[in-house]
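Results of the structural survey
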Amino acid sequence: QVQLVESGGGLVQAGGSLRLSCAASVTIGMINTMAWYRRAPGKQRELVALITIGDSTNYADSVKGRFTISRENAKNTVYLQMDSLKPEDTAVYYCNINVRRFSGFTADYWGQGTQVTVSS
């Protein structure tokens, strides 16, 4: 079974900060990459940041220098520190993990989403 619990969303003024957390409970395999996606109103879902099991990271150009992704493997938790927030960062943010099952197959799992609203 895989369960993801997100927290940390909310309303913040432009220039402010928020920290998202996603705690994963995984009993069917091992976690590979962990990532955050977002979907703004009227737009497609986009990758915000990704972190590999080796702690390599990748960011969308729009958030580079403002957002930081990190993971705490002992707690199966991924974080997204969001600084210098802009109104265009307003979206529902989704946690995503890739799991390598003990059977050898890999699969993606998603959190329920957490709303981030940045006011101007």
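The coordinates are above.
What comes next concerns the included structure. Since the model is a prediction, treat every value here as computed from it, not as a measurement.

Attention now goes to the overall build of the protein chain. Per the secondary structure count, the protein chain includes 0 helices and 11 strands. The linear arrangement of helices and strands in the protein chain, starting from the amino end, is β-β-β-β-β-β-β-β-β-β-β. In terms of overall size, the protein chain behaves like a compact globule, its C-alpha atoms giving a radius of gyration of 14 Å where 120 residues would be expected to give roughly 14 Å. Seen along its three principal axes, the alpha-carbon backbone of the protein chain occupies a region of about 50 × 25 × 25 Å. Per-residue burial for the protein chain yields a buried fraction of 43% across its 120 residues. Restricting to contacts in the protein chain with at least 6 residues of sequence separation, those with at least 24 account for 55%. Summing over all exposed atoms, the protein chain offers an accessible surface of approximately 6,400 Å²; the carbon and sulfur share of this is 48%.

To continue, consider the pairing of strand E8 (residues 77-82). For E8, the buried fraction is high: 5 of the 6 residues fall into the buried class. Relative to E8, strand E3 (residues 18-26) runs antiparallel, the two sharing 6 bridges. Among the inter-strand pairings, Ala-23 is bridged to a residue of E8, identified as Thr-77. Relative to E8, strand E7 (residues 67-72) is paired through 6 bridges, and the arrangement is antiparallel. Pairing of Ser-70 across the sheet is with Tyr-79, part of E8. What sits between E7 and E8 in their antiparallel hairpin is a turn of 4 residues, with Asn-76 showing a positive phi close to 50 degrees.

What follows covers the packing of aromatic side chains. This structure, assessed with the given rule, holds 1 aromatic pair. Above the ring of Tyr-37, the side-chain terminus of Arg-45 is found at 5.8 Å from the ring centroid. Against the face of Trp-110 rests Arg-45, its NZ or CZ located 4.0 Å from the ring centre.

Residues Trp-36, Leu-80, Met-82, Tyr-93 and Ile-97 are the most contacted members of the largest nonpolar core, which totals 33 residues. In this view, Met-82 contacts Gly-16, Ser-17, Leu-18, Leu-20, Arg-66, Phe-67, Tyr-93 and Val-116; residues no more than four positions away in its chain are not counted.

Tracing the chain through its elements places Ala-49 in strand E5 (residues 46-51). Since its relative accessible area comes to 0%, Ala-49 is described here as buried. Along the primary structure Ala-49 and Thr-114 are separated by 65 residues, whereas in three dimensions their C-alpha atoms are 15 Å apart.

Scoring rules and cut-offs
Residues numbered from 1 in each chain as written. Predicted model: local features only at pLDDT ≥ 70, side-chain atom pairs only at ≥ 80, totals over all residues. Heavy atoms only, no water. Helix = DSSP H or I, 4+ residues; strand = E, 2+ residues; numbered from the N terminus. Rg over C-alpha atoms; globule rule 2.2 N^0.38 Å. Buried < 20%, exposed > 50% of the residue type's maximum accessible area, 1.4 Å probe, protein only. Contact = heavy atoms within 4.5 Å. Areas by Shrake-Rupley, 256 points an atom, 1.4 Å probe, with all protein chains shown as cover. Pairing = 2+ DSSP bridges. Phe/Tyr/Trp six-rings, centres within 6.5 Å; stacked < 30°, edge-to-face > 60°. Lys NZ or Arg CZ within 6 Å of the ring centre and 35° of its normal. Core = buried A, V, L, I, M, F, W, Y, C linked by side-chain atoms within 4.5 Å.

Take it as geometry only, folks, not as evidence of what the structure does.
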